[in-house]
Amino acid sequence: MTLWSRAWTAPRLVAAAVAAAVAVAVPAVLAAVGVRLWWLLGSGVVVAAVGGVFAPAFADSYRRARERGEESGLALARDSVLRKVREITNPAELGVHTARHADPQGAAAGPADAPGGSDRVPPYVPRDIHDRLVELLAASGFVLLVGESTAGKTRAAYEAMRAALADHTLIAPGGRSVLPDAIERAAQLPRCVLWLDNAERFLGSDGLTLTNVARLIGGEGHHRVVLATIRSAEMARYTDSAHPEAADAAEARQVLEQATQLRLRRPLTSAERERAQTRAWDQRIADALDHADEYGLAEYLAAGPELLNDWENAWEAGHPRAAALIAAAVDCRRAGLTRPLPRTLLESLHEGYLARHGGEGLELEPLEEAWAWATRPRRATTALIRPSTIPDGEPRAVEVFDYLVDATQQDMTPDSRVPEQTLASALTVGDATEAGQIGTIAYGYGLYELATQSFERAREMHIADLGPEHPETLTDRSNRVVMLGELGRFEEAEAEARAVLELRTRTLGPEHPDSLHSRAILAGALYGRGDYAQAEAEARATLETLPRVLGPDDVRVLTTRSLLAATLREQGRFEESQATYTDVLQARTRVQGADHPDTLGSRYGLGATLQFLGRYEEAEAELRVALEGLARALGPDHLRTTVARNLLASELGGLGRLQEAQTEMRAALDVQTRLMGPEHPSVLHSHNNLAVLLRRLERYEEAEAEARTALEGRTRILGPDHPETASSREILASVLRHQGCHDEADHVG
């Protein structure tokens, strides 16, 4: 199963703003229909700086960050752009991709001395958002441009800044290590732009926080702007509750929510094409317009498709080692590393990529030749991998062309999942924020031990930088509660949940939203232990105050009410459960929309409860709506979609439509296996359910095979004492007895 993140209401930018919560997960046991759901109820992670209580900790984190780097003033001056905006006439200096040479066979031709004709960056084609962006910058504040790689975000930001803020001082920090000093310098200037291209590089507890954003743009008597860009895929990590990778990233999400966001897409609109035609005297613009039906303007000018093709061809075109180095770099970025990548890391990883592409059958070039090929600029634009100019990282670190990262993320296949070894190796060089990202991805892949290690590493680093009672440290501990639940260690999960609740109650007060949410987390841990009455009591205690603090329709309130509905169902109070689920479904439909994945999740929770009430036709209808909606919203191969499909299969079994149920169940199992691999816990869960169904069909040999697959896999992955492993033992023993193998059944059971 995946960790579901929830939408969180952005707090106002005040120095005392605090919001922290952790992922909650709850297993719903549907024994009557042969289904044991995994931890399905979750929430996002939100951590904010606390003015007063935690301000010293943040000051201390800045001090430590400076100690880890070089002397602050020298590092800022050396590793950053620090000049008047009007003095920066080359947009490539701020990260704009340089452009390819003109096609000598192009249809358009312009004079050799045409303005910009010989420049590395072609004339600017104003985007539809240009005027709005200029207005926002003129008004000051925090502005964020979101779009795919080579959509033109950085160029649009640069041109609007030049138009609106020419006399402002620009501070463009080279990396997160100098960001605290960049913020300190910016806060002393009355007219300033803090430029954060690829904003994901600057997020985290030691990066851009709510507190320092408020410090820069709050108050009067100045005109400061935070101007940032971020790729859509990175944005989804923090803000998309349906994204498999968007469970963590705490304060980063809230920081991004403070910005006025403008979206920029690769393809030109009709109005933008008309403006581009007026600049077709530049051969490169003319060439791009010739390909405008296939590529975006900036995409074509940056030679993104050609460079992607170069990488893909390199495996069979004499440069497989270079291709493997690039693949390792791409996956390190996908794993959550935003810092420049050490060459030593990529060299240690690339052998695994070579093995997956043929290994000894490849004709490998020498390592130095591979590096030379990968880092060579192409088509007068950029290299597939380029030496880093960012101070974060070791000497000779590199950065990968982000277009390759986007292309890989958008073309996901089972084989393109980030390998476990890459995640584990990335963890060894990542900071606390990156460790949390790696943990989230490992969780989504079912790599619970690695996820646990990642969150533990994040916790250790946050303790060192922020202290043991800081909200981000407590968030890491709460994520560990989730992992303990997935590993079946429910007593430990309960103990850890109680410890976090005690700390939050003491430091923030019993009615703070974070303290209340920790109580809901405790309820989830109790639910996991099977202590449904106590789980219900904690959920009700939370709901006595949380709606008053956050409002009755806040998603955290709705999440806690969903947990309450689940506890009622497990105690056999099906009518109460059904009524609660119905109310939550109506509220989520109103607040989040009928097609939101959380709303659809509540719908299939309702469908599961209706099964227990014997209202099978209604249950089937709810489950089908949920399944169809999730397939549309997330895709037919998303894990949450397969959950709904498995529930529908179980419902069909309850209706006696066993063959139809088997078809649905096998289809869901095929998707899960293809996406997650044969030993992912969700896949083993589906094998277990299929064994139950085949037993009902009296196809005992097939049922035995499925039960053995589930039992052997769960024993290896979850351990022999996990409740899910015990369930598989019981099913296998039952199937063996049906075949007359009583001695073996007694041994198994």
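Everything quoted here is computed from the prediction, not taken from an experiment.

J.: Would you take a moment to explain the overall build of the protein for this structure?
T.: Check the secondary structure of the protein and you find 33 helices and 10 strands. Out of the 749 residues belonging to the protein, those deemed buried represent 62%. Once local pairs closer than 6 in sequence are excluded, the contacts in the protein between residues at least 24 apart make up 73%.

J.: So what exactly am I meant to see when it comes to helix α30 (residues 681-696) here?
T.: Residues separated by three or four positions in an α-helix point in the same direction, a consequence of the helix having 3.6 residues per turn. With 16 residues, α30 should reach 22 Å at 1.5 Å per residue; the first-to-last C-alpha distance of 23 Å fits that figure. Trailing α30 by a residue or two, Glu-698 shows a phi angle of about 60°, which is positive.

J.: Mind showing me how you'd approach the packing of helix α26 (residues 597-612) against helix α28 (residues 639-654) here?
T.: Helices that pack against each other are described as a pair by the angle of their axes relative to one another and the distance between those axes. Packing of α26 against α28 leaves a shortest axis separation of 11 Å and a crossing angle of 15°. Taken as axis vectors, α26 and α28 run roughly parallel relative to one another. When the axes of α26 and α28 are compared, the crossing they make is left-handed. Two secondary-structure elements touch here, α26 through Pro-597, Asp-598, Tyr-604, Ala-608 and Gln-611 and α28 through Arg-640, Val-643, Ala-644, Leu-647 and Glu-651.

J.: Whenever I open this one, the sheet that holds strand β8 (residues 260-263) confuses me. Can you help?
T.: By way of backbone hydrogen bonds, the strands of a sheet pair with one another, either parallel or antiparallel. Sheet architecture is open: six strands sit in the order β3-β5-β6-β7-β4-β8, paired in mixed fashion. Here the strands that pair on one side only, and so sit at the sheet edges, are β3 (81-84) and β8. The sheet shows a mean angle of 20° between the axes of neighbouring strands, direction not considered.

J.: What is the right way to read the side chain of Glu-399 from this model?
T.: Note that Glu-399 resides in strand β10 (residues 398-400). A relative accessible area of 17% places Glu-399 in the buried class. Side-chain polar atoms of Glu-399 contact the side chain of Ser-388, separated by 3.3 Å.

J.: I tried to follow the packing of aromatic side chains on my own but got confused; where do I start?
T.: By convention here, two paired aromatic rings are described through the distance between centres and the angle between planes. Per the counting criterion, the structure on display carries four aromatic pairs. With 5.9 Å between their ring centres and 20° between their planes, Phe-401 and Tyr-403 make a pair best called stacked. A single burial state applies to Phe-401 and to Tyr-403, both of which are buried. Taking the ring centre of Trp-371 as reference, the NZ or CZ of Arg-343 above it sits at 4.3 Å. Lying across the ring of Tyr-353, Arg-356 places its NZ or CZ 4.6 Å from the centre.

J.: Help me understand the confidence of the model for the protein in this model?
T.: Predicted coordinates in areas of low pLDDT are best not read in detail. Per-chain confidence: the protein averages 81 in pLDDT, with 83% of residues scoring 70 or above. When the criterion is pLDDT under 50, residues 1-75 qualifies, and its contacts beyond four places in sequence or with other chains add up to 257 contacts. Predicted confidence is poor over residues 241-248, with pLDDT under 50, and the contacts of this stretch with residues over four places away or in other chains come to 38 contacts.

J.: Explain the pattern of salt bridges here, please?
T.: Where charged atoms from two side chains of opposite charge come close, those side chains can pair. Within this structure, the stated rule accounts for 50 salt bridges. Between Asp-406 and Arg-266 there is a salt bridge, with the nearest N and O atoms lying 3.9 Å from each other. Here the residue Asp-406 occupies a position in helix α16 (residues 402-410), and Arg-266 occupies one in the loop between β8 and α9 (270-277), the gap between them amounting to 140 residues. Like Arg-266, Asp-406 is buried. In this structure, Asp-282 and Arg-284 form a salt bridge, with 2.8 Å as the shortest nitrogen-oxygen distance. This pair shows no difference in class: Asp-282 is buried, exactly as Arg-284 is.

J.: What exactly am I supposed to notice about the nonpolar core here?
T.: Most often, soluble globular proteins keep nonpolar side chains buried together rather than apart. Trp-311, Ile-326, Leu-346, Leu-404 and Leu-423 are the most contacted members of the largest nonpolar core, which has 95 residues in total. Top contributing element to this core by residue count: helix α13 (residues 320-335), with 11 residues. Excluding residues that lie within four positions of it along the chain, Ile-326 makes contacts with Trp-311, Trp-373, Ala-374, Leu-384, Ile-385 and Leu-404.

J.: Can you help me understand the pairing of strand β6 (residues 191-196) in this one?
T.: For a regular strand, the rule is simple: side chains alternate between the two faces of the sheet. Across the six residues that make up β6, a large majority, five, are buried. Sheet analysis places strand β5 (residues 169-172) next to β6, joined by three bridges and oriented parallel. By the bridge assignment for β6, Leu-170 is matched with Val-193. In this view, the connection linking β5 to its parallel neighbour β6 by way of helix α5 (residues 179-187) has right-handed handedness. The parallel pair β6 and strand β7 (residues 223-231) is bridged by helix α6 (residues 210-217), and the resulting crossover is right-handed.

J.: Before we go on, may I ask you to explain α28 in this structure?
T.: The end-to-end C-alpha distance of α28, which contains 16 residues, comes to 23 Å, matching closely the 22 Å that a straight helix rising 1.5 Å per residue would cover. Of all 16 residues in α28, 14 are buried; the element is thus mostly enclosed. Just beyond α28, the residue with positive phi is Gly-656, at close to 85°.

J.: So what exactly am I meant to see when it comes to the environment of Trp-281 here?
T.: Take Trp-281: it is sitting in the loop between α9 and α10 (283-290). Residues Trp-281 and Pro-123 lie 158 residues apart in sequence; the distance between their C-alpha atoms is 9.8 Å.

J.: Please clarify how unusual backbone geometry should be interpreted in this entry.
T.: Most of the time, phi is negative for any residue but glycine, and the peptide bond is trans. Its identity as a non-glycine residue notwithstanding, Thr-150 has a phi of 60°, on the positive side. You can see Thr-150 is positioned in the loop between β4 (141-147) and α4 (153-164). For Thr-150, a relative accessible area of 5% translates into the label buried. For Glu-698, which is not a glycine, the phi torsion comes out positive at approximately 60°. Of note, Glu-698 is situated in the loop between α30 and α31 (700-717).

J.: What exactly am I supposed to notice about the side chain of Glu-706 here?
T.: Here Glu-706 lies in helix α31. No salt bridge is formed by the buried Glu-706; its nearest oppositely charged neighbour, Arg-666, is found at 4.1 Å. Excluding anything up to four places from it in sequence, Glu-706 contacts Arg-666, Leu-669, His-687, Leu-690, Ala-691 and Leu-694.

J.: Sorry, what's going on with the packing of α30 against helix α32 (residues 723-738) here?
T.: At a minimum axis separation of 10 Å, α30 and α32 run at an interaxial angle of 25°. If you check the angle between α30 and α32, you find them roughly parallel. Of the two possible hands of crossing, α30 and α32 adopt the one that is left-handed. Across the interface between the two elements, Asn-688, Ala-691, Val-692 and Arg-695 of α30 pack against Ser-727, Ser-728, Ile-731, Ser-734, Val-735 and His-738 of α32.

J.: Any chance you could explain the environment of Glu-618 here in plain terms?
T.: Note on placement: Glu-618 falls in helix α27 (residues 616-634). Using a relative accessible area of 39% as the deciding quantity, one classes Glu-618 as partly exposed.

Here is what the cut-offs are and how they apply
- Along each chain, residues carry numbers from 1 onward, in the same order as the chain's sequence is written.
- A pLDDT threshold of at least 70 governs which residues receive local features in this predicted model, and a stricter bar of 80 or more applies before side-chain atom pairs are shown or counted, although totals over entire chains, interfaces and linings include all residues.
- Side-chain numbers here rest on the full set of heavy atoms in the structure, without hydrogens or water.
- By definition, any uninterrupted DSSP run of H or I lasting at least four residues is a helix, any uninterrupted run of E lasting at least two residues is a strand, and each is numbered from the N terminus.
- The cut-offs for exposure are 20% and 50% of the maximum accessible area for each residue type, with area from a 1.4 Å probe on protein chains only; residues under the lower value are buried, those over the upper are exposed, and the others partly exposed.
- Only heavy atoms matter for contacts: two residues are in contact if any of them lie within 4.5 Å across the pair.
- Expected helix span is given by 1.5 Å per residue-to-residue step, counting one fewer step than there are residues.
- Fitted lines through C-alpha atoms serve as axes, helices being fitted only where they are in contact, and the angles separating the N-to-C directions of these axes extend from 0 to 180 degrees.
- Each angle receives one of four descriptions, namely roughly parallel if under 35 degrees, roughly antiparallel if over 145, roughly perpendicular if within 65 to 115, and oblique otherwise.
- Here a crossing is called left-handed whenever its near helix is offset anticlockwise from the far helix by less than a right angle, and right-handed whenever the offset is clockwise.
- Any two strands between which DSSP finds at least two bridges are classified as paired.
- Polar contact criterion, stated in full: a pair of N or O atoms within 3.5 Å, where within protein one must be able to donate a hydrogen and the other to accept it, and residues adjacent in sequence count only if both atoms are side-chain atoms.
- Only centres within 6.5 Å qualify two rings of Phe, Tyr or Trp (six-membered ring in Trp) as a pair; their planes then separate them into stacked at under 30 degrees, edge-to-face at over 60, and tilted for everything else.
- Put simply, a charge is over a ring when the Lys NZ or the Arg CZ is close to the ring centre, within 6 Å, and near the line of the ring normal, within 35 degrees.
- One number per residue, pLDDT, summarises how confident the predictor is, and it ranges from 0 to 100.
- What makes a salt bridge here is a side-chain nitrogen of Lys or Arg within 4 Å of a carboxyl oxygen of Asp or Glu, nothing more.
- For our purposes a nonpolar core is just a set of buried Ala, Val, Leu, Ile, Met, Phe, Trp, Tyr and Cys residues, chained together by side-chain atoms within 4.5 Å.
- Look down the strands so they point away from you; if going from the first strand over the helix to the second traces a clockwise path, that crossover is right-handed.
- Charge convention: Lys and Arg are scored as positive, Asp and Glu as negative, and His as well as the terminal groups of each chain are ignored.

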